[in-house]
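Descriptive analysis of the structure
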Amino acid sequence: MSVSDIKVGHIDDVQELGKAKISHIPERFIRDLTERPNSDNVITSTNNNIPVVDFSKLCKGNIDEICSEILKIKISCEEWGFFQVINHEINLDLLEKIEKVATEFFLMPLEEKQKYPMIPGTVQGYGQAFVFSENQKLDWCNMFALGLEPHYVRNPKLWPAKPSNFSETVEIYSREIRKLCKNLLKYIAISLGCKDDVFEEMFGAAVQAIRMNYYPACPRPDLVLGLSPHSDGSALTVLQQGKGNSVGLQILRNNAWIPVQPIPNALVINIGDTIEVLTNGRYKSVEHRAVTHKEKDRLSIVTFYAPSYELEVGPLRELVDDKNPCKYRRYNHGDYSKHYVTNKLQGKKTLEFSKINYV
Ligand code: OGA
Ligand code: NI
(Lines give C-alpha, C1' and ligand atoms only; values in the text may rest on other atoms or scores of the structure.)
(Ligands and ions follow the chains in the order given, each with its own letter.)
Protein backbone atom coordinates (compact mmCIF):
# COMPACT_ATOMS: atom_id res chain seq x y z
CA MET A 1 0.00 0.00 0.00
CA SER A 2 1.24 3.52 -0.72
CA VAL A 3 0.37 6.81 0.88
CA SER A 4 -1.90 7.73 -2.03
CA ASP A 5 -4.15 4.79 -1.15
CA ILE A 6 -5.01 6.30 2.15
CA LYS A 7 -8.30 8.15 2.06
CA VAL A 8 -8.07 11.93 2.04
CA GLY A 9 -8.45 13.12 5.59
CA HIS A 10 -6.55 10.14 6.92
CA ILE A 11 -3.31 11.25 5.40
CA ASP A 12 -2.05 13.20 8.38
CA ASP A 13 -3.28 10.74 10.95
CA VAL A 14 -0.18 8.92 12.09
CA GLN A 15 -2.03 5.90 13.45
CA GLU A 16 -3.62 5.42 10.02
CA LEU A 17 -0.22 5.78 8.37
CA GLY A 18 1.04 3.07 10.68
CA LYS A 19 -1.82 0.73 9.79
CA ALA A 20 -1.16 1.33 6.09
CA LYS A 21 2.38 -0.07 6.50
CA ILE A 22 3.86 2.74 4.45
CA SER A 23 7.30 2.20 2.98
CA HIS A 24 8.42 5.79 3.35
CA ILE A 25 7.58 8.69 5.58
CA PRO A 26 5.45 11.44 4.01
CA GLU A 27 7.41 14.64 3.41
CA ARG A 28 5.38 16.68 5.89
CA PHE A 29 6.74 14.65 8.78
CA ILE A 30 10.38 14.70 7.74
CA ARG A 31 12.31 17.20 9.80
CA ASP A 32 15.06 19.45 8.61
CA LEU A 33 18.48 18.00 9.34
CA THR A 34 19.10 20.21 12.37
CA GLU A 35 15.85 19.16 14.02
CA ARG A 36 16.20 15.41 13.63
CA PRO A 37 16.40 13.46 16.85
CA ASN A 38 19.54 11.46 16.06
CA SER A 39 21.75 14.53 16.14
CA ASP A 40 24.95 14.39 18.16
CA ASN A 41 23.55 16.44 21.02
CA VAL A 42 21.49 13.66 22.59
CA ILE A 43 22.86 12.33 25.86
CA THR A 44 22.79 8.55 25.85
CA SER A 45 24.22 7.79 29.28
CA THR A 46 21.48 6.94 31.74
CA ASN A 47 23.10 8.40 34.84
CA ASN A 48 22.24 11.97 33.92
CA ASN A 49 18.72 11.94 35.26
CA ILE A 50 16.19 14.49 36.41
CA PRO A 51 15.83 14.65 40.22
CA VAL A 52 13.30 12.47 42.04
CA VAL A 53 11.19 13.92 44.83
CA ASP A 54 9.54 11.67 47.41
CA PHE A 55 6.14 13.22 48.03
CA SER A 56 5.36 11.10 51.10
CA LYS A 57 8.50 12.43 52.79
CA LEU A 58 7.41 15.98 51.99
CA CYS A 59 4.01 15.43 53.60
CA LYS A 60 4.78 13.01 56.39
CA GLY A 61 8.53 12.90 56.86
CA ASN A 62 10.56 14.18 59.77
CA ILE A 63 11.94 17.68 59.60
CA ASP A 64 15.21 16.60 57.98
CA GLU A 65 13.37 14.65 55.29
CA ILE A 66 11.02 17.55 54.59
CA CYS A 67 13.92 19.98 54.26
CA SER A 68 15.86 17.66 52.02
CA GLU A 69 12.88 17.14 49.65
CA ILE A 70 12.18 20.88 49.53
CA LEU A 71 15.81 21.49 48.67
CA LYS A 72 15.47 18.93 45.87
CA ILE A 73 12.44 20.81 44.54
CA LYS A 74 14.41 24.05 44.60
CA ILE A 75 17.37 22.57 42.75
CA SER A 76 15.13 20.78 40.23
CA CYS A 77 13.20 23.94 39.45
CA GLU A 78 16.30 26.13 39.21
CA GLU A 79 18.49 23.80 37.24
CA TRP A 80 16.26 21.32 35.43
CA GLY A 81 12.73 22.71 35.25
CA PHE A 82 11.70 19.08 35.72
CA PHE A 83 11.47 16.46 38.44
CA GLN A 84 9.73 13.14 38.98
CA VAL A 85 7.46 12.55 41.95
CA ILE A 86 7.31 9.17 43.63
CA ASN A 87 4.92 8.12 46.40
CA HIS A 88 2.49 10.80 45.23
CA GLU A 89 -0.42 9.13 47.02
CA ILE A 90 -2.58 8.88 43.92
CA ASN A 91 -4.13 5.45 43.72
CA LEU A 92 -2.12 3.33 41.29
CA ASP A 93 -5.30 1.65 40.03
CA LEU A 94 -6.48 5.07 38.94
CA LEU A 95 -3.27 5.67 36.99
CA GLU A 96 -3.76 2.33 35.32
CA LYS A 97 -7.40 3.05 34.59
CA ILE A 98 -6.74 6.39 32.89
CA GLU A 99 -4.04 4.76 30.81
CA LYS A 100 -6.46 2.02 29.82
CA VAL A 101 -9.29 4.33 28.74
CA ALA A 102 -6.87 6.62 26.90
CA THR A 103 -5.37 3.68 25.01
CA GLU A 104 -8.83 2.34 24.21
CA PHE A 105 -9.83 5.74 22.91
CA PHE A 106 -6.87 6.00 20.55
CA LEU A 107 -7.35 2.44 19.32
CA MET A 108 -10.92 3.13 18.21
CA PRO A 109 -11.55 3.52 14.46
CA LEU A 110 -10.66 6.93 13.08
CA GLU A 111 -14.32 7.64 12.25
CA GLU A 112 -15.25 7.29 15.91
CA LYS A 113 -12.47 9.61 17.08
CA GLN A 114 -13.32 12.15 14.40
CA LYS A 115 -16.68 12.70 16.06
CA TYR A 116 -14.69 14.91 18.41
CA PRO A 117 -12.61 16.97 16.01
CA MET A 118 -10.06 19.52 17.09
CA ILE A 119 -11.07 22.61 15.15
CA PRO A 120 -7.95 24.27 13.69
CA GLY A 121 -6.75 27.05 15.97
CA THR A 122 -8.27 25.40 19.04
CA VAL A 123 -6.70 22.85 21.34
CA GLN A 124 -9.62 20.70 22.47
CA GLY A 125 -10.72 17.46 20.81
CA TYR A 126 -8.97 14.90 18.63
CA GLY A 127 -6.34 15.86 16.09
CA GLN A 128 -3.11 17.79 15.83
CA ALA A 129 -2.80 21.03 17.74
CA PHE A 130 -0.57 23.98 16.85
CA VAL A 131 -0.74 23.50 13.08
CA PHE A 132 -1.18 26.79 11.24
CA SER A 133 0.27 26.43 7.77
CA GLU A 134 0.55 23.95 4.94
CA ASN A 135 4.34 23.98 5.00
CA GLN A 136 4.69 23.43 8.71
CA LYS A 137 6.19 20.06 9.63
CA LEU A 138 3.81 17.72 11.45
CA ASP A 139 4.44 15.84 14.66
CA TRP A 140 4.25 12.04 14.70
CA CYS A 141 1.50 12.15 17.29
CA ASN A 142 -2.26 12.08 17.73
CA MET A 143 -3.71 14.19 20.49
CA PHE A 144 -6.94 14.26 22.37
CA ALA A 145 -7.45 17.18 24.72
CA LEU A 146 -10.19 18.46 27.01
CA GLY A 147 -10.58 21.60 29.09
CA LEU A 148 -11.70 20.65 32.61
CA GLU A 149 -11.74 23.57 35.03
CA PRO A 150 -13.35 25.97 35.57
CA HIS A 151 -16.43 24.37 34.09
CA TYR A 152 -17.03 27.13 31.55
CA VAL A 153 -13.94 25.93 29.60
CA ARG A 154 -15.60 22.57 29.00
CA ASN A 155 -17.03 21.68 25.65
CA PRO A 156 -19.45 18.82 26.41
CA LYS A 157 -19.71 17.92 22.71
CA LEU A 158 -16.08 16.81 22.80
CA TRP A 159 -16.43 14.39 25.72
CA PRO A 160 -16.43 10.96 24.07
CA ALA A 161 -19.26 8.49 24.56
CA LYS A 162 -16.78 5.63 24.13
CA PRO A 163 -15.04 4.01 25.92
CA SER A 164 -18.02 4.06 28.27
CA ASN A 165 -16.07 4.89 31.43
CA PHE A 166 -13.84 7.47 29.76
CA SER A 167 -15.48 10.64 31.10
CA GLU A 168 -15.93 9.32 34.61
CA THR A 169 -12.28 8.24 34.78
CA VAL A 170 -11.07 11.60 33.47
CA GLU A 171 -13.13 13.37 36.16
CA ILE A 172 -11.77 11.30 39.03
CA TYR A 173 -8.21 11.39 37.73
CA SER A 174 -8.28 15.14 37.23
CA ARG A 175 -9.52 15.77 40.75
CA GLU A 176 -6.59 13.81 42.14
CA ILE A 177 -4.04 15.51 39.89
CA ARG A 178 -5.49 18.89 40.86
CA LYS A 179 -4.89 18.13 44.52
CA LEU A 180 -1.32 17.15 43.71
CA CYS A 181 -0.76 20.38 41.77
CA LYS A 182 -2.05 22.49 44.64
CA ASN A 183 0.20 20.66 47.07
CA LEU A 184 3.24 20.93 44.84
CA LEU A 185 2.66 24.64 44.34
CA LYS A 186 2.62 24.99 48.11
CA TYR A 187 6.01 23.29 48.41
CA ILE A 188 7.36 25.23 45.44
CA ALA A 189 6.34 28.45 47.21
CA ILE A 190 8.09 27.31 50.40
CA SER A 191 11.20 26.40 48.42
CA LEU A 192 11.30 29.99 47.14
CA GLY A 193 11.05 31.35 50.67
CA CYS A 194 7.54 32.67 49.95
CA LYS A 195 4.28 32.23 51.86
CA ASP A 196 3.02 28.71 51.16
CA ASP A 197 -0.30 29.88 49.73
CA VAL A 198 1.14 32.61 47.53
CA PHE A 199 0.22 30.83 44.27
CA GLU A 200 -3.05 29.35 45.48
CA GLU A 201 -4.25 32.76 46.59
CA MET A 202 -3.21 34.44 43.40
CA PHE A 203 -4.42 31.81 40.93
CA GLY A 204 -8.13 32.21 41.69
CA ALA A 205 -10.30 29.82 39.67
CA ALA A 206 -7.36 27.81 38.31
CA VAL A 207 -7.55 26.50 34.75
CA GLN A 208 -6.95 22.79 34.23
CA ALA A 209 -6.79 20.81 31.01
CA ILE A 210 -5.83 17.28 30.06
CA ARG A 211 -4.10 16.17 26.89
CA MET A 212 -3.48 12.60 25.88
CA ASN A 213 -0.68 12.14 23.38
CA TYR A 214 -0.45 8.95 21.37
CA TYR A 215 2.81 8.35 19.52
CA PRO A 216 2.52 5.32 17.23
CA ALA A 217 5.67 3.39 16.38
CA CYS A 218 7.43 5.01 13.46
CA PRO A 219 9.47 3.08 10.88
CA ARG A 220 11.98 5.96 10.78
CA PRO A 221 12.28 7.54 14.25
CA ASP A 222 15.46 9.24 13.04
CA LEU A 223 13.54 11.45 10.61
CA VAL A 224 10.54 12.62 12.65
CA LEU A 225 9.62 14.13 15.99
CA GLY A 226 6.78 12.92 18.19
CA LEU A 227 6.28 16.41 19.57
CA SER A 228 8.10 19.57 18.51
CA PRO A 229 10.38 21.30 21.02
CA HIS A 230 8.40 23.64 23.27
CA SER A 231 7.97 24.88 26.79
CA ASP A 232 4.54 24.58 28.41
CA GLY A 233 2.36 27.66 28.88
CA SER A 234 1.01 26.33 32.17
CA ALA A 235 2.15 27.03 35.71
CA LEU A 236 2.77 23.33 36.36
CA THR A 237 2.48 20.30 34.12
CA VAL A 238 2.00 16.73 35.34
CA LEU A 239 2.88 13.98 32.89
CA GLN A 240 2.04 10.33 33.24
CA GLN A 241 3.82 7.95 30.92
CA GLY A 242 2.21 4.68 29.93
CA LYS A 243 3.42 1.59 31.79
CA GLY A 244 6.17 -0.15 29.89
CA ASN A 245 6.67 2.91 27.69
CA SER A 246 9.97 3.34 25.98
CA VAL A 247 11.86 6.55 26.62
CA GLY A 248 10.29 9.31 24.55
CA LEU A 249 10.39 12.56 26.46
CA GLN A 250 13.61 14.55 26.21
CA ILE A 251 14.52 17.80 27.90
CA LEU A 252 17.02 20.39 26.74
CA ARG A 253 19.80 21.06 29.21
CA ASN A 254 23.08 22.83 28.43
CA ASN A 255 22.27 22.50 24.74
CA ALA A 256 21.90 18.72 24.89
CA TRP A 257 18.75 16.60 24.88
CA ILE A 258 18.43 14.40 27.95
CA PRO A 259 15.98 11.48 27.81
CA VAL A 260 13.71 11.22 30.85
CA GLN A 261 13.95 7.63 32.05
CA PRO A 262 10.47 6.47 33.09
CA ILE A 263 10.18 5.33 36.72
CA PRO A 264 7.26 2.95 37.26
CA ASN A 265 4.30 4.75 38.89
CA ALA A 266 6.11 8.08 39.11
CA LEU A 267 4.73 11.30 37.66
CA VAL A 268 6.88 13.77 35.77
CA ILE A 269 6.40 17.38 36.86
CA ASN A 270 7.59 20.40 34.97
CA ILE A 271 7.58 24.12 35.47
CA GLY A 272 5.59 26.03 32.86
CA ASP A 273 6.12 29.54 31.50
CA THR A 274 3.79 31.06 34.10
CA ILE A 275 5.95 30.00 37.05
CA GLU A 276 9.05 31.16 35.19
CA VAL A 277 7.52 34.62 34.92
CA LEU A 278 6.11 34.68 38.46
CA THR A 279 9.54 33.74 39.87
CA ASN A 280 11.29 36.30 37.65
CA GLY A 281 13.16 33.50 35.88
CA ARG A 282 14.47 31.83 39.01
CA TYR A 283 12.49 28.67 38.28
CA LYS A 284 12.82 27.61 34.67
CA SER A 285 10.28 26.48 32.15
CA VAL A 286 12.52 24.13 30.22
CA GLU A 287 12.26 23.23 26.56
CA HIS A 288 11.33 19.62 25.86
CA ARG A 289 10.21 17.38 23.00
CA ALA A 290 9.14 13.80 22.35
CA VAL A 291 10.75 11.31 20.01
CA THR A 292 9.26 8.12 18.59
CA HIS A 293 10.21 4.46 18.68
CA LYS A 294 10.64 2.03 15.80
CA GLU A 295 8.47 -0.74 17.22
CA LYS A 296 6.60 0.56 20.21
CA ASP A 297 3.66 2.93 20.50
CA ARG A 298 3.85 5.38 23.38
CA LEU A 299 1.15 7.12 25.39
CA SER A 300 1.40 10.10 27.66
CA ILE A 301 -1.33 11.73 29.73
CA VAL A 302 -0.57 15.33 30.44
CA THR A 303 -2.30 17.75 32.81
CA PHE A 304 -1.78 21.48 32.49
CA TYR A 305 -2.50 23.54 35.59
CA ALA A 306 -2.58 27.32 35.27
CA PRO A 307 -4.02 30.42 36.93
CA SER A 308 -7.39 31.95 36.15
CA TYR A 309 -7.41 33.66 32.75
CA GLU A 310 -8.20 36.88 34.58
CA LEU A 311 -4.95 36.98 36.51
CA GLU A 312 -2.43 39.65 35.74
CA VAL A 313 0.86 37.74 35.71
CA GLY A 314 4.19 39.34 36.50
CA PRO A 315 7.22 38.61 38.70
CA LEU A 316 6.45 38.37 42.42
CA ARG A 317 7.63 41.52 44.14
CA GLU A 318 9.69 39.59 46.68
CA LEU A 319 11.74 38.02 43.87
CA VAL A 320 12.73 41.30 42.26
CA ASP A 321 15.55 43.40 43.69
CA ASP A 322 18.72 45.20 42.63
CA LYS A 323 20.51 41.92 42.02
CA ASN A 324 17.51 40.41 40.23
CA PRO A 325 16.00 43.11 38.08
CA CYS A 326 12.55 42.51 36.66
CA LYS A 327 12.83 40.45 33.46
CA TYR A 328 9.20 40.12 32.44
CA ARG A 329 6.41 42.57 31.85
CA ARG A 330 2.99 42.18 33.40
CA TYR A 331 0.33 40.67 31.18
CA ASN A 332 -3.08 39.09 31.36
CA HIS A 333 -2.88 35.29 31.60
CA GLY A 334 -5.85 34.85 29.24
CA ASP A 335 -3.97 36.86 26.61
CA TYR A 336 -0.91 34.69 27.11
CA SER A 337 -2.91 31.50 26.74
CA LYS A 338 -4.46 32.78 23.55
CA HIS A 339 -1.05 33.73 22.22
CA TYR A 340 0.26 30.26 23.16
CA VAL A 341 -2.46 28.27 21.42
CA THR A 342 -2.48 30.37 18.27
CA ASN A 343 1.22 29.93 17.51
CA LYS A 344 3.15 26.88 16.47
CA LEU A 345 5.34 25.15 19.04
CA GLN A 346 8.77 26.64 18.69
CA GLY A 347 11.04 26.11 21.65
CA LYS A 348 10.69 28.89 24.17
CA LYS A 349 9.65 31.48 21.62
CA THR A 350 6.18 31.97 23.10
CA LEU A 351 7.68 33.34 26.29
CA GLU A 352 9.11 36.27 24.35
CA PHE A 353 5.58 37.62 24.65
CA SER A 354 6.35 38.45 28.24
CA LYS A 355 9.93 39.66 27.88
CA ILE A 356 10.23 43.19 29.04
CA ASN A 357 11.37 44.47 25.65
CA TYR A 358 8.63 42.67 23.68
CA VAL A 359 6.67 44.96 21.35
C1 OGA B 1 3.23 18.01 26.27
C2 OGA B 1 4.49 17.27 26.32
C3 OGA B 1 5.66 15.15 26.20
C4 OGA B 1 5.37 13.69 26.09
O5 OGA B 1 2.19 17.38 26.02
O6 OGA B 1 3.27 19.24 26.48
O7 OGA B 1 5.51 17.87 26.48
O8 OGA B 1 6.26 12.92 26.41
N9 OGA B 1 4.47 15.92 26.16
O10 OGA B 1 4.28 13.35 25.66
NI1 NI C 1 5.14 19.91 27.07
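An account of the accompanying structure is given in this report. (Residues numbered from 1 in each chain as written. Chains lettered and ligands numbered in written order. Predicted model: local features only at pLDDT ≥ 70, side-chain atom pairs only at ≥ 80, totals over all residues. Heavy atoms only, no water.)

Regarding the site of ligand 1
We count it as follows: The rule for a residue being near a molecule or strand is that one of its heavy atoms must lie within 4 Å of it. Contacts described as polar in this section are N or O atom pairs within 3.5 Å, which, within protein, must combine one atom able to donate a hydrogen with one able to accept it, while residues neighboring in sequence count only if both atoms come from side chains. Only the protein chains shown count as cover for residues, and the accessible areas themselves come from Shrake-Rupley with a 1.4 Å probe. Lining residues are defined by having an atom within 4 Å of a point belonging to a cavity or pocket. Those points lie on a 1 Å grid over the protein atoms alone, cavities being sets where a 1.4 Å probe fits but cannot get out and pockets being open sets with protein on both sides within 12 Å along at least five of seven lines. Throughout, a molecule is located in a cavity or pocket provided that more than half of its atoms lie within 2 Å of its grid points. Note on conventions: DSSP H or I runs of at least 4 residues are helices, E runs of at least 2 residues are strands, and numbering of each starts at the N terminus. For this classification, the nonpolar set comprises Ala, Val, Leu, Ile, Met, Phe, Trp, Tyr, Cys and Pro, the charged set comprises Asp, Glu, Lys and Arg, and every other residue, Gly included, is treated as polar.
The full set close to ligand 1 counts 13 residues, and Arg211, Tyr215, His288, Arg298 and Ser300 are the nearest of them. Arg298 is positioned with one of its side-chain polar atoms (N or O) 2.8 Å from an oxygen atom of ligand 1. Compared with its free state, where it exposes 290 Å², ligand 1 has 99% of that area covered by protein. Among the cavities detected, the one that contains ligand 1 is the largest cavity. Elements that contribute at least two residues to the shell around ligand 1 include exactly β5 (207-215), β6 (227-230) and β12 (298-306). Counting residues per element, the shell around ligand 1 draws most heavily on β12, which supplies 4 residues. Of the residues assigned to the shell around ligand 1, the class counts are 6 nonpolar, 4 polar and 3 charged.

Quick word on helix α4 (residues 92-106)
Our working rule: Between the first and last residue of a helix there are one fewer steps than residues, each counted as 1.5 Å, and that sum is the expected span. Burial classes: relative accessible area under 20% of the type maximum marks a residue as buried, over 50% as exposed, and values in between as partly exposed (1.4 Å probe, protein chains only). Throughout, the arc means the angular range of directions from the helix axis out to the C-beta atoms.
Spanning 15 residues, α4 covers 21 Å between terminal C-alpha atoms, matching the ideal 21 Å at 1.5 Å per step. The set of residues buried in α4 consists of Leu94, Leu95, Ile98, Glu99, Val101, Ala102, Phe105 and Phe106. Summarising the axial view, the buried residues of α4 lie within an arc of 165 degrees, below the 170-degree limit, and thus occupy one face. In α4, those exposed residues whose orientation departs by more than 90 degrees from the buried face are Asp93 and Lys100. A distance of 2.8 Å separates the backbone nitrogen of Asp93 from a side-chain oxygen at the start of α4, and that oxygen is part of Asn91.

Topic: the nonpolar core
Which entries qualify depends on this criterion: Here, nonpolar core refers to any group of buried Ala, Val, Leu, Ile, Met, Phe, Trp, Tyr and Cys residues whose side-chain atoms link them within 4.5 Å.
If you look at the biggest cluster of nonpolar residues, it comprises 77 residues, and the most contacted ones within it are Phe144, Phe199 and Met212. In terms of residue count, helix α6 (residues 166-191) provides more of this core than any other element does, 11 residues in total.

Things to note about the environment of Val224
Short version of the rule: Between two residues, a contact is recorded if the distance between any of their heavy atoms is within 4.5 Å.
Turning to its location among the elements, Val224 is positioned in the loop between β5 and β6. Exposure remark for Val224: the relative accessible area of 0% places this residue in the buried category. Separated by 67 residues in sequence, Val224 and Val291 place their C-alpha atoms 7.5 Å apart. If we ignore the near neighbours within four places in the chain, the residues touching Val224 are Ile25, Phe29, Arg31, Pro37, Trp140, Cys218 and Thr292.

Points about the coordination of the nickel ion (ligand 2)
Rules: Water is absent from the atoms considered, so a metal site may look incomplete; donors are defined as N, O and S atoms within 2.8 Å of the metal, or 3.2 Å for Na, K and Ca.
Within the protein, the atoms that donate to the nickel ion (ligand 2) are His230 (NE2), Asp232 (OD) and His288 (NE2), at distances of 2.1 to 2.2 Å. Each donor residue of the nickel ion (ligand 2) lies on one chain, and together they are spaced H-x1-D-x55-H. Here His230 is found in strand β6, whereas its partner His288 is found in strand β11 (residues 288-290), with 58 residues between them in sequence. You'll find His230 and His288 in the same group, each marked buried.

Focus on the packing of helix α3 (residues 63-80) against α6
What counts is decided by this rule: For helices, the axis comes from a line fit to the C-alpha atoms of the stretch in contact; other axes are also lines fit to C-alpha atoms, and the angle between any two N-to-C directions lies between 0 and 180 degrees. Orientation is classified from the angle alone, with under 35 degrees giving roughly parallel, over 145 giving roughly antiparallel, 65 to 115 giving roughly perpendicular, and any other angle giving oblique.
Across the interface, α3 lies against α6 with an axial gap of 9 Å and an inter-helix angle of 85 degrees. By the angle between their directions, the pair α3 and α6 is classed as roughly perpendicular. Contact residues: Ile70, Ile73 and Lys74 in α3; Tyr187, Ile188, Ile190 and Ser191 in α6. When its residues are assigned to classes, the contact of α3 with α6 shows 5 nonpolar, 1 polar and 1 charged.

Here we look at the side chain of Arg289
The cut-off we apply is this: Think of it this way: Lys and Arg go in the positive column, Asp and Glu in the negative one, and His and the chain ends go nowhere. We define a salt bridge as a contact between a side-chain nitrogen of Lys or Arg and a carboxyl oxygen of Asp or Glu at a distance within 4 Å.
Among the structural elements, Arg289 can be located in strand β11. Among buried Asp, Glu, Lys and Arg side chains, Arg289 stands out as unpaired, with Glu287 the closest opposite charge at 7.9 Å. A polar contact is formed between the side chain of Arg289 and the side chain of Gln250, at a distance of 2.8 Å. Residues in contact with Arg289, not counting those within four places in the same chain, are Glu35, Arg36, Pro37, Val42, Leu225, Leu227, Ser228, Pro229, Gly248, Leu249, Gln250 and Trp257.

What about empty space enclosed by the protein?
One simple way to see leftover space: roll a probe sized like a water molecule over the atoms. Keep this limit in mind: Grid points are joined across faces, edges and corners, and a volume is the space filled by probe spheres set on the points.
This model, assessed by the stated rule, comprises 1 cavity of 30 Å³ or more. The volume enclosed by the largest cavity comes to roughly 140 Å³. Surrounding the largest cavity, 18 residues form its lining, Leu227, Leu239, Leu249, His288 and Val302 being those nearest its centre. Every element with two or more residues in the lining of the largest cavity is listed here: β5, β6, β7 (236-241), β11 and β12. Considering every element that reaches the lining of the largest cavity, the biggest residue donor is β12, with 4 residues. Here the lining of the largest cavity is composed, by residue class, of 8 nonpolar, 6 polar and 4 charged.

With respect to the packing of aromatic side chains
Quick reminder of the rule: Only Phe, Tyr and Trp rings are paired, with Trp represented by its six-membered ring, and only when their centres lie within 6.5 Å; those with planes under 30 degrees apart are stacked, over 60 edge-to-face, the remainder tilted.
Applying the stated rule across the entire model yields 14 aromatic pairs. Between Phe144 and Phe166 the ring centres are 5.8 Å apart and the planes differ by 75 degrees, which places this aromatic pair in the edge-to-face class. Of this pair, Phe144 sits in strand β4 (residues 142-149) while Phe166 sits in helix α6, and the two are 22 residues apart along the sequence. Each member of the pair Phe144 and Phe166 is classed as buried.

Geometry only, nothing functional implied.
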